[in-house]
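Structural overview
Residues per chain are reported as follows:
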Amino acid sequence: MQQLLKLPKRLASIADLIEQGASVADIGTDHGFLPVYLAQRDIARIIIASDISEGSLSSARRTAVKYGVEDRIKFVTAPGLDGVEAHEVDTVVIAGIGGENIAGIINDAPWLRERGVRLILQPQTKLDTLCYFLRENGYPIRRMELVRDRDRLYAVILAGMEMKTG
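What comes next is a walk through the structure. (Residues numbered from 1 in each chain as written. Predicted model: local features only at pLDDT ≥ 70, side-chain atom pairs only at ≥ 80, totals over all residues. Heavy atoms only, no water.)

**Focus: the side chain of Arg118**
Looking at the secondary structure, you find Arg118 in strand β5 (residues 118–123). Judged by its relative accessible area of 11%, Arg118 is buried. (Helix = DSSP H or I, 4+ residues; strand = E, 2+ residues; numbered from the N terminus. Buried < 20%, exposed > 50% of the residue type's maximum accessible area, 1.4 Å probe, protein only.)

Put into structure tokens, the structure is as follows:
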């Protein structure tokens, strides 16, 4: 039996906000820990691991191979959401970068608001900038929590409208 990946508290709090059966894009996936975790536990039906850095994406692929889930994850090298089609996902995770960069990625993809995509965001800096952007651009913050991981506090935000059905 394949060993299960254990997430650090910061990433575990993000995973807890992902609904069973979701279609998820992890933007800036880095080592790919979140996509591997989701695949191993059958939480998401579609998983996209995206990063602007081919080196980081190679690391994510190695993580997926190590844990035996490389066939469950689509790997994309692209800036922001450029490598993700609007119809592919209902949940977008952007974590581990500055709030102003997260706002820029969201701003460049208006389909997120139009489709009511669930946003799970974890800014490393400029939390105030990100919260202001979300409020001013029609992405209601539905939940925010602080998570202590090692010696640091992280804000984890759930934002966006509920998807419109029918």
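**Some details on unusual backbone geometry**
Of note, Asp30 is a non-glycine position whose phi angle comes to about 60°, a positive value. Position of Asp30 relative to the elements: it lies in the loop between β1 (22–27) and α2 (33–40).

**Here we look at α2**
Side chains of residues three or four places apart in an α-helix project in the same direction, reflecting 3.6 residues per turn. Among the eight residues in α2, seven count as buried, and that is most of the element. Buried within α2 we find Leu34, Pro35, Val36, Tyr37, Leu38, Ala39 and Gln40. Of the surrounding secondary structure, the elements contacted by the buried residues of α2 are α1 (9–15), β1, β2 (44–51), α3 (54–66) and β4 (91–97). One or two steps after α2, the chain reaches Asp42, where phi turns positive at roughly 55°. (Contact = heavy atoms within 4.5 Å.)

**A word on the pairing of strand β6 (residues 141–149)**
Pairing analysis gives eight bridges linking β6 to strand β7 (residues 152–159), with the strands arranged antiparallel. Its bridge partner being in β7, Glu145 is matched across the sheet by Val156. Joining the antiparallel neighbours β6 and β7 is a turn of two residues, in which Arg150 adopts a positive phi near 60°. (Pairing = 2+ DSSP bridges.)

**Structural notes on the sheet that holds β5**
On the basis of which strands lie adjacent, the open sheet formed by seven strands has the order β3-β2-β1-β4-β5-β7-β6 and mixed pairing. With partners counted over all chains shown, the strands left at the sheet margins are β3 (74–77) and β6, one partner each. Put simply, the sheet's adjacent strands are angled 15° from each other on average, direction ignored. When β4 meets β5, the two strands line up parallel, connected through six bridges. Note that in β5 the partner of Ala95 across the bridge is Gln122. (Axes fitted to C-alpha atoms, helices over the stretch in contact; angles between N-to-C directions.)

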